[in-house]
Amino acid sequence: MRLIAENLSGERGGEAVFDGIGFVLADGEALVVTGPNGSGKSTLLRVIAGLLPHSHGRIAFEGDSEAFPTVASACHYLGHLNAMKSALTVQENLEFWRDFAGDGQLGVSDALEEVGLGGLGHLPFGYLSTGQKRRAAIAKLLISHRPVWLLDEPTSGLDKASDARFAALMQDHCAAGGIVVAATHLPLGLQGVKTLEMGRVYV
Ligand SMILES: Nc1ncnc2c1ncn2[C@@H]1O[C@H](COP(=O)(O)OP(=O)(O)OP(=O)(O)O)[C@@H](O)[C@H]1O
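What you see is a predicted model; the values in this text were computed from it and never measured. (Residues numbered from 1 in each chain as written. Predicted model: local features only at pLDDT ≥ 70, side-chain atom pairs only at ≥ 80, totals over all residues. Heavy atoms only, no water.)

Visitor: What am I meant to see in the packing of aromatic side chains here?
Guide: A ring pair, where both rings are aromatic, is described by two values, the distance of the centres and the angle of the planes. The full count for this structure, using the stated rule, is four aromatic pairs. Their ring planes at 80 degrees and their centres at 5.2 Å tell us that Phe96 and Trp97 sit as a pair that is edge-to-face. Residue Phe96 is classed as partly exposed on the basis of its relative accessible area of 48%. Given a relative accessible area of 22%, Trp97 falls into the partly exposed group. Between Phe96 and Phe100 the ring centres are 6.3 Å apart and the planes differ by 15 degrees, which places this aromatic pair in the stacked class. One end of the pair is Phe96 and the other is Phe100, both in helix H3 (residues 90–101) and four residues apart, which spans about a single turn. A network of ring pairs unites the aromatic residues Phe96, Trp97 and Phe100 as a single cluster. (Phe/Tyr/Trp six-rings, centres within 6.5 Å; stacked < 30°, edge-to-face > 60°. Buried < 20%, exposed > 50% of the residue type's maximum accessible area, 1.4 Å probe, protein only. Helix = DSSP H or I, 4+ residues; strand = E, 2+ residues; numbered from the N terminus.)

Visitor: Sorry, what's going on with the site of the ligand here?
Guide: Looking at the ligand, there are 13 residues lining it, with Gly38, Lys41, Ser42, Thr43 and His185 nearest. Interatomic distance of 2.9 Å between a backbone N/O atom of Gly38 and an oxygen atom of the ligand. Gly40 is positioned such that a nitrogen or oxygen atom in its backbone is 2.9 Å from an oxygen atom of the ligand. For the ligand, the protein covers 58% of the area, taking 650 Å² as the surface of the free molecule. Looking at which element gives the most residues to the shell around the ligand, the answer is helix H1 (residues 41–48), with three residues. (Near = heavy atom within 4 Å. Polar contact = N/O pair within 3.5 Å; in protein donor to acceptor, adjacent residues only side chain to side chain. Areas by Shrake-Rupley, 256 points an atom, 1.4 Å probe, with all protein chains shown as cover.)

As structure tokens, then:
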């Protein structure tokens, strides 16, 4: 399995944001994307996820083409926002995402246990604290199997214990052959990662 970006360019509002980005990630590899505010980290993740078009270059997923025929179908995208409905319970939100993205190794209750929210599935998502909301959004990664995790500031709002727990989840995902691309200003506690610094010219 490989995630490949070649000479990738992205734009917002008709203006170029980055150009000439290239990387190859194989099974078990993680790429940490850093750079100043506005340098295009979120834009890059959205381009990889297929949520924004790329102006030049190529992004490709090589792997189980039957299960994952497109790059988008191979990716979990965890954006800045949690993409959950406030009025639905945590359980209902996660069931929606499991129906949308497919089954995973964990059921909803087990995924909530993994992120330290065991027993809170009955609460409306809107009742959760900021960090709890982020943890519920992280549970989405566990209830459906997608080999590539695209993570935008994934640990924003997490306390120290949740930070460590999430680092372990990312490590487990990579150890099982998954790929992680994470845009962040914060250390993620991952060992042996590749790095990409936005805001430079890549050729
Ligand atoms: N919808 C939009 N229309 C026009 N420009 C946009 C739009 N969204 C983002 N931009 C611009 O694109 C550039 C890159 O934004 P992006 O969110 O990718 O940066 P970032 O590196 O993730 O920043 P941060 O560290 O603040 O999260 C910024 O200059 C931003 O103002």
